[in-house]
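# Understanding the architecture of this molecule
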Amino acid sequence: AQKITQTQPGMFVQEKEAVTLDCTYDTSDPSYGLFWYKQPSSGEMIFLIYQGSYDQQNATEGRYSLNFQKARKSANLVISASQLGDSAMYFCAMRSGGYNKLIFGAGTRLAVHP
Amino acid sequence: NAGVTQTPKFQVLKTGQSMTLQCAQDMNHNSMYWYRQDPGMGLRLIYYSASEGTTDKGEVPNGYNVSRLNKREFSLRLESAAPSQTSVYFCASTPFDRDGYTFGSGTRLTVV
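All values derive from a computational prediction rather than experimental measurement.

### Notes on the overall build of chain A
Assigned secondary structure in chain A consists of zero helices and 12 strands. In chain A, the order of α-helices and β-strands from amino to carboxyl end is β-β-β-β-β-β-β-β-β-β-β-β. The globule rule puts the C-alpha radius of gyration for 114 residues at 13 Å, and the 14 Å found for chain A is close to it. By residue count, 48% of the 114 residues in chain A fall in the buried class. Long-range contacts, defined as pairs at least 24 residues apart, comprise 55% of the intrachain contacts of chain A with a sequence gap of at least 6. Taken together, the 10 basic and 9 acidic charged side chains of chain A have centroids lying 5 Å from each other.

Quick look at the structure:
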């Protein structure tokens, strides 16, 4: 069965420090994609970063990077130089199997303290 | 602006009432999805449509029906609303590429 697990219900970090949000996944498909989304208190879903299962390099998008460890089935999000505006819910998601279905983890609430 | 448009943004229903949530995208995406998000939880897939003319059940389809009216529009219908369907509903679409999925702004539904 396909599953995404986020074990950290809540995290906090000091402004300007780096933080890692954990995500592990389970799938038997050789081809899959991993996504991270940010959901601020306003409720919209904001795409942050994508990693394909065949990508050789870890994905990076500005202050976001994805630490992809395929053998361990983990896809942790690293946010460098945290900002107050990074305070939000963060969801890890996986596209696997047919029909492009995207399944989500339960999320991690990040609080950035000044 | 290109994107996914959901209507309405807020709705209060009485138990047993019916309603349809509308979703439209103008990005020429093939695949569309309906998710629900309950407090403190991730999004769970209700129904999806891989392409125009096809629909399939997701994780939590009970109590819902869908219609893929054309390539742009994918509606979600609650035939007889129940308090357990109180949730935030998101519509999403994708062309199936690395940038993935575009989400609508959500519909906050309360069933009393």
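We are not done yet, so read on.
### Quick look at the sheet that holds strand β3 (residues 19–25) of chain B
Residues and elements named next belong to chain B. The antiparallel open sheet is built from four strands, whose spatial order is β1-β3-β8-β7. Strands with a single pairing partner mark the edges of an open sheet, and in this sheet they are β1 (4–7) and β7 (64–68). Pairwise comparison of adjacent strand axes, ignoring direction, gives a mean angle of 15 degrees for this sheet.

### Describing the interface of chain A and chain B
The interface is formed by 17 residues belonging to chain A together with 20 residues belonging to chain B. Across the chain A/chain B interface, buried area totals approximately 1700 Å², and carbon plus sulfur atoms make up 56% of it. Inspection of the chain A/chain B interface yields three residue pairs in polar contact (both at pLDDT 80 or more). Of all the secondary-structure elements, those providing two or more residues to the side of chain A that touches chain B are β5 (32–39), β6 (46–52), β10 (88–96) and β11 (102–104) of chain A.

### Some words on the layout of surface pockets
If you add up the space inside the largest pocket, you get close to 540 Å³. Sort the elements by how many residues they give to the lining of the largest pocket and strand β11 (residues 107–111) of chain B lands first, with four residues. For the lining of the largest pocket, a count of residues per class yields 10 nonpolar, 13 polar and four charged. Of the pockets and cavities examined, the second largest pocket occupies roughly 160 Å³. What lines the second largest pocket is I4(A), K101(A), I103(A), F104(A), L43(B), R44(B), L45(B), G58(B) and E59(B). Mapped onto the lining of the second largest pocket, the elements with two or more residues apiece are β11 of chain A together with β5 (43–49) of chain B. Taken together, the residues of the lining of the second largest pocket sort by class into five nonpolar, one polar and three charged.

### Quick notes on the packing of aromatic side chains
The description of two aromatic rings rests on the distance between their centres and on the angle between their planes. Residues and elements named next belong to chain A. This structure, assessed with the given rule, holds 18 aromatic pairs over all chains. An angle of 25 degrees between the planes, with centres 6.5 Å apart, marks the rings of Y25 and F68 as stacked. Taken together, the positions of Y25 in strand β4 (residues 24–26) and F68 in strand β8 (residues 64–69) put the pair 43 residues apart, joining distant regions of the chain. The burial state of Y25 is the same as that of F68; both residues are buried. Each ring, one from F35 and one from F47, has its centre 6.2 Å from the other, and the planes form 65 degrees; the classification is edge-to-face. Separated by 12 residues along the polypeptide, F35 in strand β5 and F47 in strand β6 bring together distant segments of the chain. Looking at F35, the relative accessible area reads 0%, which means it is buried. A relative accessible area of 28% places F47 in the partly exposed class.

Definitions and limits used
- Residues numbered from 1 in each chain as written.
- Chains lettered and ligands numbered in written order.
- Predicted model: local features only at pLDDT ≥ 70, side-chain atom pairs only at ≥ 80, totals over all residues.
- Heavy atoms only, no water.
- Helix = DSSP H or I, 4+ residues; strand = E, 2+ residues; numbered from the N terminus.
- Rg over C-alpha atoms; globule rule 2.2 N^0.38 Å.
- Buried < 20%, exposed > 50% of the residue type's maximum accessible area, 1.4 Å probe, protein only.
- Contact = heavy atoms within 4.5 Å.
- Lys, Arg positive; Asp, Glu negative; His and termini not counted.
- Charge placed at Lys NZ, Arg CZ, Asp CG, Glu CD.
- Pairing = 2+ DSSP bridges.
- Axes fitted to C-alpha atoms, helices over the stretch in contact; angles between N-to-C directions.
- Buried area = accessible area lost by both parts, 1.4 Å probe.
- Polar contact = N/O pair within 3.5 Å; in protein donor to acceptor, adjacent residues only side chain to side chain.
- 1 Å grid on protein atoms, 1.4 Å probe; cavity = no way out; pocket = protein on both sides within 12 Å on 5 of 7 lines; lining within 4 Å.
- Points joined across faces, edges and corners; volume = space filled by probe spheres on them.
- Nonpolar A, V, L, I, M, F, W, Y, C, P; charged D, E, K, R; others polar.
- Phe/Tyr/Trp six-rings, centres within 6.5 Å; stacked < 30°, edge-to-face > 60°.

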